[in-house]
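So you can see what is in the structure, the chains are spelled out below.
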Amino acid sequence: MQKNKGVINTNTGTLQERMEQLLELSSRRPIIRFNNKLFKDLVRGSPRNYSVIIMFTALSSHRGCVVCRQASDEYSLVANSYRYSQFYSNKMFFGLVDFDEGSDVFQSLGLNSAPAFLHFPAKGKPKKQDNMDIQRIGFSAEAIARWIMERTEINIRVFRPPNYTGTMALLTLFGLVGILVYLRRNNLEFLLNKNTWSILAMFFVLSMVSGQMWNHIRGPPFVHNSQSGGVAYIHGSSQGQFVLETYFVMGMYGMIVMGVILLCEAGEEKVDPGFRRIQAIAGLCLLAFFYSLLLSVFRSKAGGYPYSFLFK
């Protein structure tokens, strides 16, 4: 009997039938979307001589998974880069399981959060290392490619589309500075203002000590879904961090610096004594509160750290 064109046969038995179906699905798009039955037949079924990289996610808007969309974009970069690389073959496929289409798969694997990346080898069951630790290494395309290299020995060179956002921002900044200098060309004393350069230098230092360079290198998620179903803003380990967490840390460092500046200014004898007293009290409160908060965050990340001040 002739089969209807476009209908996929999900009754796979032999290795050849599985391979034919995988090749047909992958020819349509680099990432194969698996439902419960397709996952059982093509990923968990045997025999097979291919491995599968699966992203488990929840992309529906009503799920409210912000990082899932970000991770999906990075995952798509890796899959597309692999498809057009010299190492592309039928020995490895990329797939995706959405919770709304494969809730039974999530339950069978014991997954209670998304996104997650798992490698299903050609032989045997997935090991601990086949579950990508996104809290430690993030989910940037480069991090995913390195993890795949460790698990499959397939080197995928990630090709990112050109992003001119940084270039345009830099040109805009130089343009604004040029306009400002031109408008004030008869009075350029502001370029020698020590407060201006102090603020710029302090902003750069706070950006570096808060971990912005680490974010640029590792590409961690902005936030992460916790196991309880909420959103985690602070990474639970001292070996990792979230992007939003670094903004919190930078803000706390900034308030500590502000407190120290107020305490120093309170020692200026030329200022009214009443105002100096207010500066000293405000500076002391800022310093004590945000330093205690910073210690509390560090205690939550570094288990066993014994010291605290106002907060546990």
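Residues numbered from 1 in each chain as written. Predicted model: local features only at pLDDT ≥ 70, side-chain atom pairs only at ≥ 80, totals over all residues. Heavy atoms only, no water.

(A) Layout of the pattern of salt bridges. Within this structure, the stated rule accounts for 5 salt bridges. Residues Asp-130 and Arg-151 are paired through a salt bridge, measuring 2.9 Å at the closest nitrogen-oxygen approach. Of this pair, Asp-130 sits in the loop between strand 4 (116-120) and helix 5 (134-137) while Arg-151 sits in helix 6 (residues 141-152), and the two are 21 residues apart along the sequence. Classification of Asp-130 as buried rests on a relative accessible area of 3%. On the accessibility criterion, Arg-151 (27% relative accessible area) is partly exposed. Across the pair Glu-245 and Lys-301 runs a salt bridge whose closest N-O atoms are separated by 3.0 Å. With a gap of 56 residues between them, Glu-245 in helix 10 (residues 243-265) and Lys-301 in helix 11 (residues 273-301) connect regions that are remote in the sequence. (Salt bridge = Lys/Arg side-chain N within 4 Å of Asp/Glu carboxyl O. Helix = DSSP H or I, 4+ residues; strand = E, 2+ residues; numbered from the N terminus. Buried < 20%, exposed > 50% of the residue type's maximum accessible area, 1.4 Å probe, protein only.)

(B) Quick peek at the packing of helix 8 (residues 194-209) against helix 10. Following both chains from N to C, one finds helix 8 and helix 10 inclined at 135°, their axes separated by 9 Å at the closest point. When the interaxial angle is binned, helix 8 and helix 10 end up oblique. For the pair helix 8 and helix 10, the sense of crossing is right-handed. Each of Met-202, Leu-206, Ser-207 and Val-209 in helix 8 lies in contact with helix 10, whose residues at this interface are Met-250, Tyr-253, Gly-254 and Val-257. Of the residues that constitute the contact of helix 8 with helix 10, the class distribution is 6 nonpolar, 2 polar and no charged. (Axes fitted to C-alpha atoms, helices over the stretch in contact; angles between N-to-C directions. Parallel < 35°, antiparallel > 145°, perpendicular 65-115°, else oblique. Left-handed = near helix turned anticlockwise from the far one by under 90°. Contact = heavy atoms within 4.5 Å. Nonpolar A, V, L, I, M, F, W, Y, C, P; charged D, E, K, R; others polar.)

(C) Representation of the sheet that holds strand 1 (residues 31-33) within the structure. Overall, mixed pairing links the 4 strands, which are arranged 1-3-2-4 in an open sheet. Both outer strands of the open sheet, strand 1 and strand 4, are each paired with one neighbouring strand and no more. Each neighbouring strand pair of the sheet contributes to a mean axis angle of 25°, computed without reference to strand direction. With 7 bridges joining them, strand 2 (residues 51-57) and strand 3 (residues 92-98) adopt parallel strand pairing. Note on strand 3: the bridge partner recorded for Thr-57 is Asp-98. Along the sheet, helix 3 (residues 66-83) makes contact with strand 1, strand 2, strand 3 and strand 4, crossing strand 2 at roughly 160°. Across the sheet, helix 6 touches strand 2, strand 3 and strand 4, and the angle it forms with strand 4 is around 25°. (Pairing = 2+ DSSP bridges.)

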